[in-house]
Amino acid sequence: MSRPPFITLPGCARAHRLRTARGEFAVHDARPEGAARGTVLLVPGFTGSKEDFIALLEPLARARFRVVAVDGRGQHETGGPPDEAAYAQQELARDVLAQAAVLNAGADTTAAAEAPLHVLGHSLGGLVVRTAVMMAPDAFASLTLMCSGPAAISESQQARTKLLIDALSVTDMETVWQAMRELDPPEAPVETTPPGVEDFLHQRWLGTVPEQLIATGRQLNSEPDRVAELAGVGLPKHVLSGIVDYAWPVPLMDEMADRLGAHRTVIQGAGHSPNAERPLPTAEALIDFWRGVDRKS
């Protein structure tokens, strides 16, 4: 799971609920000083939340982008029903399109939105946003897939995800959390972990709807290759990853970028979560890509 480097919002951002035609979603919303040159919708991955992008908010806002990071349906502070069907990939994609509709219309601001809307999906979020883009490409100015591959996750991760699905089907979230802590000790020593992060990770896990994890875990294990279909969508595309990735091997993402004709970025020193592990070079890469899209439009 992504581990945010800190959990305190920067001064440019606020937490609120984005009202859409498909319900309310908890968001972190960072605003630039003056007019925005674009709006960015950030969609988190499996077991993730809006906090995974917290270190990107200030540098992106400083570059004059409005940034909206969202908890998807059933994630952390956005509620969801105890029904696996509610988390089918097309349902989650329709949620993204409802969020995009509000941001494109400026319905949550005092003026209509004129700046382009860029969408980014991390890991599982990449699978969701690519479906949203294929359903309604005109809703977005560009698509970034961050540490998200062409099809199902690696076989080793499929096995781990199946174990998690099986456990969630028969026991409670707290018991599963404690078992995961024993299998995977903390990634950072306690003395170097910023205050509050460990407690946040625990509370985020308990706030996530188990049926959401079960349904989306099955998607990760069975996702078909839809790269050819996505390549047919005439939208600027960006594939960004670290130098290693446990979910999708980096060479597989290299090949996907070639098949998509996408801009490709590899963040040195990062793994599956460049947004949390190397936020400043990640922000710089995103800004360069979005500015390039603006120049071509």
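Peer 1: Could you give an account of the sheet that holds strand 6 (residues 142-146), with specific residues and numbers?
Peer 2: Strands sit in the order 1-2-4-3-5-6-7-8 across an open sheet of eight strands; the sheet is mixed. The open sheet has two edge strands, strand 1 (13-20) and strand 8 (263-267), and neither has a second partner. Here the strands of the sheet are splayed against their neighbours by 25° on average, with no regard to which way each runs. Sheet topology note: the strand 3 (residues 38-43)/strand 4 (residues 65-70) ladder contains five bridges and is parallel. In the strand pairing of strand 4, Gly38 is matched with Phe65.

Peer 1: Summarise a nonpolar patch on the surface; cite the residues concerned and give the values.
Peer 2: Together, Ile243, Val244 and Val266 make up an exposed nonpolar region whose accessible area comes to about 230 Å². Mapped onto the secondary structure, Ile243 falls in the loop between strand 7 (237-242) and helix 9 (250-260). According to the relative accessible area criterion, Ile243 is partly exposed, its value standing at 41%.

Peer 1: Can you tell me about the packing of aromatic side chains, naming the residues and giving the values?
Peer 2: Overall, the coordinates contain two aromatic pairs when judged by the stated rule. Both rings, one in Trp177 and one in Trp205, keep their centres 6.2 Å apart while their planes meet at 40°; by these two values the pair is tilted. A residue pair is termed long-range when its members are at least 10 positions apart, and Trp177 in helix 5 (residues 173-183) and Trp205 in helix 6 (residues 197-207) qualify at 28 residues. Pair check on accessibility: Trp177 and Trp205 agree, each one buried.

Peer 1: An account of the packing of helix 1 (residues 54-62) against helix 11 (residues 279-296) is needed here, citing residue identities and associated values.
Peer 2: The relative placement of two packed helices comes down to the angle between their axes together with the axis-to-axis distance. Remark: helix 1 packs on helix 11, axes separated minimally by 9 Å, with the N-to-C direction vectors making an angle of 45°. It follows from the interaxial angle that helix 1 and helix 11 lie oblique. In this structure, the crossing between helix 1 and helix 11 has a hand that is right-handed. Between helix 1 and helix 11, the contacting residues are Ala55, Leu56, Pro59 and Leu60 on the first element and Pro279, Leu280, Thr282, Ala283, Leu286, Ile287 and Trp290 on the second.

Peer 1: Let's hear about the pairing of strand 4: which residues, and what values?
Peer 2: With six of six residues buried, strand 4 is to be regarded as a mostly interior element. Where burial is concerned, the two faces of strand 4 agree: the one with Phe65, Val67 and Ala69 and the one with Arg66, Val68 and Val70 are both buried. As defined by bridge partners, strand 2 (residues 23-30) adjoins strand 4 across four bridges and the pair is classed as antiparallel. Residue pairing across strands places Asp29 opposite Val68, the latter belonging to strand 4. Note on the crossover from strand 3 through helix 1 to strand 4: the handedness is right-handed.

Peer 1: I'd like a description of the environment of Ser49, backed by residues and values.
Peer 2: Tracing the chain through its elements places Ser49 in the loop between strand 3 and helix 1. Expressed as a C-alpha distance, the spacing of Ser49 and Ala26, which sit 23 residues apart in the sequence, is 9.5 Å. Discounting residues that sit within four places of it in the chain, Ser49 has contacts with Pro44, Val70, Asp71, His76, Phe200 and Arg204. Reaching out from Ser49, the side chain makes a polar contact with the side chain of Arg204 at a distance of 2.9 Å.

Peer 1: Give a detailed account of the environment of Pro81, specifying residues and quantitative values.
Peer 2: Structurally, the position occupied by Pro81 is in the loop between strand 4 and helix 2 (89-105). Residue class for Pro81 comes out partly exposed when judged on its relative accessible area of 33%. Spatially, the C-alpha atoms of Pro81 and Trp177 are 21 Å apart, while their sequence positions differ by 96 residues. Residues contacting Pro81, with those up to four places away along its chain left out, are Ala86, Tyr87 and Val209.

Peer 1: Describe in detail the pattern of salt bridges, supporting the description with residues and values.
Peer 2: Evaluation of the coordinates by the stated rule reveals 21 salt bridges. Arg31 is the salt-bridge partner of Asp29, the closest N and O atoms lying 2.9 Å from each other. Residues participating in the shared-partner salt-bridge network are Arg22, Arg73, Glu91, Arg94 and Asp95.

Peer 1: So what's going on with the pairing of strand 5 (residues 117-122)? Which residues, and what values?
Peer 2: In terms of residue burial, strand 5 counts as a mostly covered element, since six of its six residues are buried. Residues Leu117, Val119 and Gly121 point to one face of strand 5 and His118, Leu120 and His122 to the other, with burial holding for every one of them. With five bridges connecting them, strand 3 and strand 5 associate as parallel partners. Within strand 5, the residue paired with Leu42 across the bridge is Leu120.

Thresholds, definitions, all that
- One numbering rule holds for all chains: residues counted from 1, following each sequence as written.
- Only residues with pLDDT of 70 or above have their local features reported here, since the model is predicted, and side-chain atom pairs are shown and tallied only from 80 upward, although totals for entire chains, interfaces and linings are computed over all residues.
- To get the side-chain values, all heavy atoms of the structure are used, and hydrogens and water are removed first.
- Two strands form a pair only when DSSP identifies at least two bridges running between them.
- Numbered from the N terminus, helices here are DSSP runs of H or I no shorter than four residues, and strands are runs of E no shorter than two.
- To define axes, lines are fitted to C-alpha atoms, for helices over the stretch in contact only, and angles between the resulting N-to-C directions are given on a 0 to 180 degree scale.
- Residues forming no salt bridge and having over 30% relative accessible area are the ones grouped into patches, like charges within 9 Å of each other and nonpolar side chains (Val, Leu, Ile, Met, Phe, Trp, Tyr) within 5 Å.
- Exposure was quantified through the Shrake-Rupley algorithm and a 1.4 Å probe, taking into account, for residues, occlusion by the shown protein chains and nothing else.
- Note on definitions: salt bridges are taken to be side-chain nitrogens of Lys or Arg within 4 Å of carboxyl oxygens of Asp or Glu.
- For the exposure calls, accessible area comes from a 1.4 Å probe over protein chains only, and a residue counts as buried if that area is under 20% of its type's maximum, exposed if over 50%, partly exposed in between.
- Pairing of aromatic side chains requires ring centres within 6.5 Å, counting the rings of Phe and Tyr and the six-membered ring of Trp. Pairs whose planes differ by under 30 degrees are stacked, by over 60 edge-to-face, and all others tilted.
- Note that the term roughly parallel is reserved for angles under 35 degrees, roughly antiparallel for angles over 145, roughly perpendicular for angles of 65 to 115, and oblique for everything else.
- In this scheme the handedness of a crossing depends on how the near helix is turned from the far one: anticlockwise by less than a right angle means left-handed, clockwise means right-handed.
- Any two residues whose heavy atoms approach within 4.5 Å are treated as being in contact.
- We call a crossover right-handed when, viewed with the strands running away from us, the connection from the first strand over the helix to the second turns clockwise.
- In protein, a polar contact requires one atom able to donate a hydrogen and another able to accept it; more generally it is a pair of N or O atoms within 3.5 Å, and residues adjacent in sequence count only if both atoms are side-chain atoms.

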